[in-house]
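The chain contents come next:
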Amino acid sequence: MRIGVIGAGSMGGILARHLASLGHHVSIANSRGPESLTALAAELGATPASVVDAAKAAEVVILAIPTKAVADLPRGLFAGVPSSVVVIDIGNYHPELRDGHIDAIDRGMLDSQWVAQQIGHPVIKAFNNIFAESLLEKGVSRGTSGRIALSVYGDSSGAKAGVLRLVDDLGFDPVDGGVLDNSWRQQPGTPAYCRDLEAAALRRALAEADRSRIAEYRAEQEARIRRSLGHES
Ligand SMILES: NC(=O)c1ccc[n+]([C@@H]2O[C@H](COP(=O)([O-])OP(=O)(O)OC[C@H]3O[C@@H](n4cnc5c(N)ncnc54)[C@H](OP(=O)(O)O)[C@@H]3O)[C@@H](O)[C@H]2O)c1
């Protein structure tokens, strides 16, 4: 498959490396242009590209950039992109730590709904609820005991089925979480968030989440990150 990865940091780099090693043709882009990616792309087995080319030449586009950066993507980036192209949003909104406040999300829009609105193309939510280290190291073959499960949310069952297959190919048990409007269940700080759970435990944790606590979960997660960075006791 032709896969465009927009964002060449921790997550974009790992996804590009693993997807290229599975035999996909991966283009990778960042904010500074393809010239800045020559060495990294060669090491990952990917092709350096502009953001526009990564979005336009692919069957699957992965957005692996900070949430606030979605608003900085070129205007109309997905305008001519066929509706069959699957866009995966792996982002997490961190208003205090990184993104600044985005009013619509603060007022209750889900992270990925906001992303879909910004880019004018539907998105599938996946890979936001696994830390980079686990994505890099913990994928194992199907049937291995203790295999980590990853949930996927989206409104198009066809698009979602493709992403569930990618999850499996990357070494994780795929779990269909439902429609995008339920993707809050794996936003930052929820019981299922980045806990490296097996499928049954992941389903239970997703079910435990409480929609009225979205903002509280997010704030708790930001506080955890701050503590882990040593910014607070
Ligand atoms: N790290 C994790 O463990 C983890 C886990 C799950 C989900 N996530 C989420 O995944 C997303 C990416 O995280 P990350 O840790 O990979 O971030 P990162 O290491 O900071 O990398 C961010 C990448 O985005 C690129 N970028 C920024 N603005 C851009 C723009 N306007 N156009 C094109 N590229 C742009 C940067 O390119 P330049 O360097 O050229 O600016 C960089 O390559 C975030 O939303 C994060 O919350 C992270």
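Remember, predicted model here, so these are calculated numbers, not experimental data. (Residues numbered from 1 in each chain as written. Predicted model: local features only at pLDDT ≥ 70, side-chain atom pairs only at ≥ 80, totals over all residues. Heavy atoms only, no water.)

### Quick notes on the overall build of the protein
Put simply, the rule reads: For helices the rule is a DSSP run of H or I covering at least 4 residues; for strands it is a run of E covering at least 2, with both sets numbered from the N terminus onward. Values of the radius of gyration come from C-alpha atoms, whereas the globule rule sets the reference at 2.2 Å times the count of residues to the power 0.38. Partly exposed residues are those whose accessible area sits between 20% and 50% of the maximum for their type, while under 20% is buried and over 50% is exposed, using a 1.4 Å probe and protein chains only. All accessibility values rest on the Shrake-Rupley procedure with a 1.4 Å probe; residue burial counts only the protein chains present in the view. Charge assignment: positive for Lys and Arg, negative for Asp and Glu; neither His nor the chain ends contribute. For the purpose of locating charges, the reference atoms are NZ of Lys, CZ of Arg, CG of Asp and CD of Glu.
The secondary structure content of the protein amounts to 11 helices and 8 strands. Since a compact globule built from 233 residues should have a radius of gyration of about 17 Å, the 17 Å found for the protein is in line with a globular shape. Over its C-alpha atoms, taken along the principal directions, the protein stretches across nearly 45 × 40 × 40 Å. Buried positions account for 52% of the 233 residues belonging to the protein. Of the accessible surface of the protein, which amounts to about 10500 Å², a share of 50% is contributed by carbon and sulfur atoms. Taken together, the 24 basic and 27 acidic charged side chains of the protein have centroids lying 2 Å from each other.

### Some remarks on the nonpolar core
Quick reminder of the rule: In this description, a nonpolar core means a group of buried Ala, Val, Leu, Ile, Met, Phe, Trp, Tyr and Cys residues linked to one another through side-chain atoms lying within 4.5 Å. Only heavy atoms enter the contact rule, under which two residues are in contact if any of them lie within 4.5 Å.
Grouped together as the largest cluster of nonpolar side chains are 37 residues, with contacts concentrated most on Ile28, Ile62, Ile88 and Phe127. With 6 residues, helix α1 (residues 10-21) is the single largest residue contributor to this core. With near-sequence residues (within four places) excluded, Ile88 lies in contact with Val60, Val61, Ile62, Leu63, Ile124, Ala126, Phe127, Val163 and Leu166. Listed in part, the 28 residues of the second largest apolar core include Ile6, Ile105, Ala116 and Ile119.

### As for the side chain of Asp111
Basically, it comes down to this: Within 3.5 Å is the distance limit for a polar contact, defined as a pair of N or O atoms, with the added protein rule that one can donate a hydrogen and the other accept it, and that residues adjacent in sequence qualify only through two side-chain atoms.
Along the chain, Asp111 falls in helix α7 (residues 111-119). A distance of 3.1 Å separates polar atoms of two side chains, one belonging to Asp111 and the other to Arg218. Sequence-distant contacts of Asp111, that is, excluding residues within four places in its chain, are made with Asp89, Asn92, Tyr93, Ile105, Lys125, Gln187, Pro188 and Arg218.

### Some details on the pattern of salt bridges
Put simply, the rule is: Should a side-chain nitrogen of Lys or Arg be within 4 Å of a carboxyl oxygen of Asp or Glu, the pair is scored as a salt bridge.
Taken as a whole, this structure holds 15 salt bridges when the rule is applied. Two residues, Arg2 and Glu59, come together in a salt bridge whose shortest N-O distance is 3.6 Å. Here Glu59 lies in the loop between α3 (51-56) and β4 (60-63) and Arg2 lies in strand β1 (residues 2-6), a separation of 57 residues in the sequence. Classification of Arg2 by relative accessible area gives partly exposed; the value is 41%.

### Some remarks on the environment of Ala64
Take Ala64: it is sitting in the loop between β4 and α4 (67-70). Among the residues examined, Ala64 registers a relative accessible area of 16% and is labelled buried. Expressed as a C-alpha distance, the spacing of Ala64 and Gly7, which sit 57 residues apart in the sequence, is 4.7 Å. Residues contacting Ala64, with those up to four places away along its chain left out, are Ile6, Gly7, Gly12 and Ile90.

### Overview of unusual backbone geometry
The backbone of Phe127 sits at a positive phi, close to 65 degrees, despite the residue not being glycine. Among the structural elements, Phe127 can be located in the loop between β6 (123-125) and α8 (132-137). Phe127 gets classed as buried once you look at its relative accessible area, which sits at 2%. Residue Asp196 is not a glycine yet carries a positive backbone phi of 55 degrees. For Asp196, the position within the fold is in the loop between β8 (173-178) and α10 (199-208). Exposure remark for Asp196: the relative accessible area of 25% places this residue in the partly exposed category.

### Digging into the site of the ligand
Put simply, the rule is: Residues are classed as near a molecule or strand on a simple rule: at least one heavy atom within 4 Å of it. Charged residues are taken to be Asp, Glu, Lys and Arg, nonpolar residues to be Ala, Val, Leu, Ile, Met, Phe, Trp, Tyr, Cys and Pro, and polar residues to be all remaining types, Gly included.
Taken together, 25 residues lie around the ligand, and Ala8, Met11, Ser31, Arg32 and Ala132 are the ones closest in. Contacts to the ligand include Gly9, whose backbone N or O atom sits 3.2 Å from an oxygen atom. Residues belonging to the shell around the ligand are distributed by class as follows: 14 nonpolar, 8 polar and 3 charged.

### What to know about the pairing of β1
Condition: Paired strands are those between which DSSP finds at least two bridges. A clockwise course of the path from the first strand over the helix to the second, judged with the strands pointing away from the viewer, identifies a crossover as right-handed.
Within β1, 4 of the 5 residues are buried, which leaves it mostly tucked inside the rest of the structure. The pairing of β1 with strand β2 (residues 25-29) spans 5 bridges and is classified as parallel. Pairing of Arg2 across the sheet is with His25, part of β2. Taken together, β1, α1 and β2 form a β-α-β motif whose crossover is right-handed. Two strands pair when backbone bridges link them, and β1 and β4 are joined in this way by 4 bridges, in the parallel orientation. Bridge assignment links Val5 to a residue of β4, and that residue is Ile62.

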